[in-house]
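Analysis of the macromolecular model
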Amino acid sequence: MSSNEPLHVLVIGAGFGGLTLAHGLRRAGVSVAVYEKARSRTDGLHGYRVGIDPTGNHALKECLPPQLFKTFLATCARTPSHFNVLTERKRITASVPLRGDADPVNSERSVSRQTLRQVLLTGLDDAVHFDKRFTHYERRPDGKVVAHFADGSCATGDVLVAADGAHSAVRRQYLPHAVLKPAGITSIAAKLPLSREALALLPAPSRTGLSLTFAPKGFMCIWHVMEFGWDERGGIKEGAAGNDAELLRSWPGLLFDNTRDYISWGLWAADDKFPADVMELRGQRLIDLALKLTPNWHPDFRRLFSLADPTTTFPIRIATSEPVPAWPTTTVTLLGDAAHTMTPGQGVGANTSLRDAALLTRALTAAAEGRRGLVDAIAGYEAEMIPYGFARVKDSLAQNGTNGDDPLHKPVLGRAVLAANRAYFRAVDRIPSLQRKFLDDLYTYRGAED
Ligand SMILES: Cc1cc2nc3c(=O)[nH]c(=O)nc-3n(C[C@H](O)[C@H](O)[C@H](O)COP(=O)(O)OP(=O)(O)OC[C@H]3O[C@@H](n4cnc5c(N)ncnc54)[C@H](O)[C@@H]3O)c2cc1C
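Anyway, here's the lowdown on the structure attached to this text. Please read these numbers as outputs of a predicted model, since none were measured by experiment.

What follows concerns the nonpolar core. Residues Val9, Phe72, Phe134, Leu160 and Leu364 are the most contacted members of the largest nonpolar core, which totals 87 residues. Residues within four places of Leu364 in sequence aside, it is in contact with Leu7, Val9, Leu25, Val159, Leu374 and Ile378. In terms of nonpolar packing, the next biggest core, distinct from the first, is built from 29 residues, Ala190, Ala198, Phe219 and Ile263 among them.

Now the structure itself:
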């Protein structure tokens, strides 16, 4: 890059990380363009719940224009009041009150994936290019990077950022030795519209909280109740607080977002508990499979499985990144799942992607302003991102049975581990000092500051 030519950043992928980076760079006055393979802003997305933690809130506050950060807060679902642990027979092992969302940053939030994407696309119309499937890049002798797309077009910039998710095509070319491995876990998920009848099927604390069912044979199920500030026709609900109602009314993203109040469930276990063709199943066949796998579960849980909307079901095989040693820095770099895909065990994949975006924004801004050399700035980013990213990969694999090798999934040992797990959560429920420690550890891990 010549010293008087402004820096131009190419970002591949308009997911949470890529779009947050684009906002951060824009705020800093750095030129950026984002290339996304989806055909339009509503294409190819499930409106599932993602938990945004203090780390994620912090990054969004840093990168988004202040008004858009407020819109993000207003478009979150009602913050979960409790973390509940349940048995498959609908007994409550623990119900731990969470800290609430009075603090916009040091709090846990629930968003719909589709809604957060609409928030992040707001104000970036001229920066995001849809229907651009990245195929490969080349480096020019003058140091520029050229990204090529499946439609035959290309784009040239000073930096290429891989924000193209777990199966990153940029990573495949740049770091071919960095691969994903199966975590040994399969999950099936679905949603049902929130109704009084459906809500009554959940135990009372689960109706406003998030809940995890631990069941024999290593089966687990996560339940989320998602209630938004708008109704099924997209009108603002009566109860939406004054300022939030105004923000929601003036937010153009609501026109594109089809998220409505719902209950979601995600059922998972070791791969060998599922039929070999599970990844080909869709719709009602996945709902029937959930019912077949859970014959001894409480009838109310089974009813919630059967009430799912068949068009919302999908299967996933959980994957995780293999750790890679640090690589020599160049003007191609990675963020989020493209760099470090993790299992959903800790619920921090999106949050780590947002953290990367904020950190990379700072690095590239320093380079654009001439405070650091470009490669030196990216090296600083990677020196921080690689250790914390892969630490999150490791922690996620160790948590909540999202690893097929976890003792929870073993035939005999699994029963003992399940019993120990339940005993631990019963103690967390009943012993105040243990509950305090559980919450302190949870919030600290997820980036809360005192
Ligand atoms: C079931 C489940 C539940 C989860 N729950 C949570 C949670 O509660 N909290 C949390 O923090 N994380 C959660 N995660 C993880 C989280 O979803 C991911 O870590 C996060 O979406 C990663 O963001 P990203 O921006 O790096 O990638 P993505 O969100 O995957 O975005 C990548 C983008 O790149 C685009 N793209 C891909 N290939 C190309 C190409 N060749 N050319 C152009 N564009 C391309 C894609 O279309 C996509 O828009 C969960 C994951 C799963 C599977």
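Further remarks concern the side chain of Thr331. Relative to the assigned elements, Thr331 resides in the loop between strand S16 (314-321) and strand S17 (332-334). Among the polar contacts made by the side chain of Thr331, one reaches the side chain of Arg139 at a distance of 3.3 Å. For Thr331, the residues in contact, after removing those within four places along its chain, are Arg139, Gly143, Val145, Asp158, Val159, Leu160, Leu374, Val375 and Ile378.

This brings us to the packing of aromatic side chains. Throughout the structure, instances matching the rule amount to 16 aromatic pairs. Judged by centre distance (5.1 Å) and plane angle (25 degrees), the ring pair of Phe228 and Trp230 falls under stacked. Looking at Trp230, the relative accessible area reads 0%, which means it is buried. Between Phe425 and Phe438, the aromatic rings sit 6.1 Å apart at their centres with planes inclined by 80 degrees, giving edge-to-face as the arrangement. Linking Phe425 in helix H12 (residues 413-430) with Phe438 in helix H13 (residues 432-445), this pair joins segments that are 13 residues apart in sequence. Of the residues examined, Phe425 reaches a relative accessible area of 7% and is grouped as buried. On the accessibility criterion, Phe438 (13% relative accessible area) is buried. Chaining the aromatic ring pairs together yields one cluster made of Phe83, Phe214, Tyr424, Phe425 and Phe438. The ring of Tyr48 is capped by Lys191, whose NZ or CZ atom sits 5.4 Å from the centre of that ring. Looking at Lys191, its charged tip hangs above the ring of Tyr262, at a distance of 4.4 Å from the centre.

What follows concerns the site of the ligand. By nearness alone, 29 residues border the ligand, and Glu36, Arg113, Arg117, Asp337 and Ala350 come closest of all. In this structure, a nitrogen atom belonging to the ligand sits 3.1 Å away from a main-chain N or O atom of Lys37. Separating an oxygen atom of the ligand from a backbone N or O atom of Gly349 is a distance of 3.3 Å. Against a free-state accessible area of 1,000 Å², the protein chains account for coverage of 81% of the ligand.

Taken together, the 3 strands give an open sheet; going across it, the order is S8-S9-S10, and neighbouring strands pair in antiparallel fashion. Among the strands making up the open sheet, the edge pair consists of strand S8 (134-139) and strand S10 (154-157). Each strand of the sheet is rotated relative to its neighbour by a mean of 20 degrees, with strand direction disregarded. In terms of strand pairing, S8 meets strand S9 (residues 145-149) through 5 bridges, oriented antiparallel. Looking at S9, one finds that Phe134 is bridged to Phe149.

Attention now goes to helix H9 (residues 299-306). Taken residue by residue, H9 has Phe301, Leu304 and Phe305 as its buried positions. Seen from one end, H9 has its buried residues packed into an arc of 105 degrees, which puts them on one side.

A separate point is helix H4 (residues 113-121). A large share of H4 lies buried, amounting to 8 of its 9 residues. When H4 is considered as a whole, its buried residues turn out to be Gln114, Thr115, Leu116, Arg117, Gln118, Val119, Leu120 and Leu121. The inward-facing, buried residues of H4 contact helix H1 (16-27), strand S3 (49-52), helix H2 (54-63), helix H3 (66-75), strand S6 (109-112) and strand S7 (128-129).

To continue, consider the environment of Asn351. The topology assignment puts Asn351 in helix H10 (residues 349-368). Sequence spacing of Asn351 and His58 is 293 residues, and the spatial spacing of their C-alpha atoms is 9.6 Å. The residues touching Asn351, leaving out its near neighbours within four places in the chain, are Gly51, Ile52, Asp53, Thr55, Gly56 and Arg446. At 2.9 Å, the side chain of Asn351 and the backbone oxygen of Gly51 are in polar contact.

Using the criterion set out here, one finds 25 salt bridges in the structure. Several salt bridges converge on common partners, so that one network encompasses Glu5, Lys144 and Asp158.

So, on to the pairing of strand S15 (residues 262-270). Moving residue by residue along a regular strand, the side chains alternate between the two faces of the sheet. Judged by how many residues are buried, S15 sits mostly within the fold: 9 of 9 residues are covered. Here strand S12 (residues 180-193) runs beside S15; their pairing, made up of 9 bridges, is antiparallel. Paired with Ser187 across the bridge in S15 is Trp268.

Another aspect to go through is the sheet that holds strand S5 (residues 92-97). If you trace the 7 strands from one edge of the open sheet to the other, you get S5-S4-S13-S14-S15-S12-S16, paired in mixed fashion. Pairing within the sheet leaves two strands with one partner each, and these edge strands are S5 and S16. Each neighbouring strand pair of the sheet contributes to a mean axis angle of 20 degrees, computed without reference to strand direction. Along the sheet face, H12 touches strand S4 (82-87), S5 and strand S13 (210-214) and points at about 40 degrees away from the line of S5.

On to the side chain of Ser321, then. Locating Ser321 in the fold gives a position in strand S16. The buried category is assigned to Ser321, whose relative accessible area is 7%. Within polar-contact distance, the side chain of Ser321 engages the backbone nitrogen of Thr341 at 2.7 Å. If sequence neighbours within four positions are ignored, Ser321 has contacts with Val179, Leu180, Ala339, His340, Thr341, Phe390 and Val393.

Definitions and cut-offs
Residues numbered from 1 in each chain as written. Predicted model: local features only at pLDDT ≥ 70, side-chain atom pairs only at ≥ 80, totals over all residues. Heavy atoms only, no water. Core = buried A, V, L, I, M, F, W, Y, C linked by side-chain atoms within 4.5 Å. Buried < 20%, exposed > 50% of the residue type's maximum accessible area, 1.4 Å probe, protein only. Contact = heavy atoms within 4.5 Å. Helix = DSSP H or I, 4+ residues; strand = E, 2+ residues; numbered from the N terminus. Polar contact = N/O pair within 3.5 Å; in protein donor to acceptor, adjacent residues only side chain to side chain. Phe/Tyr/Trp six-rings, centres within 6.5 Å; stacked < 30°, edge-to-face > 60°. Lys NZ or Arg CZ within 6 Å of the ring centre and 35° of its normal. Near = heavy atom within 4 Å. Areas by Shrake-Rupley, 256 points an atom, 1.4 Å probe, with all protein chains shown as cover. Pairing = 2+ DSSP bridges. Axes fitted to C-alpha atoms, helices over the stretch in contact; angles between N-to-C directions. Arc of directions from axis to C-beta. Salt bridge = Lys/Arg side-chain N within 4 Å of Asp/Glu carboxyl O.

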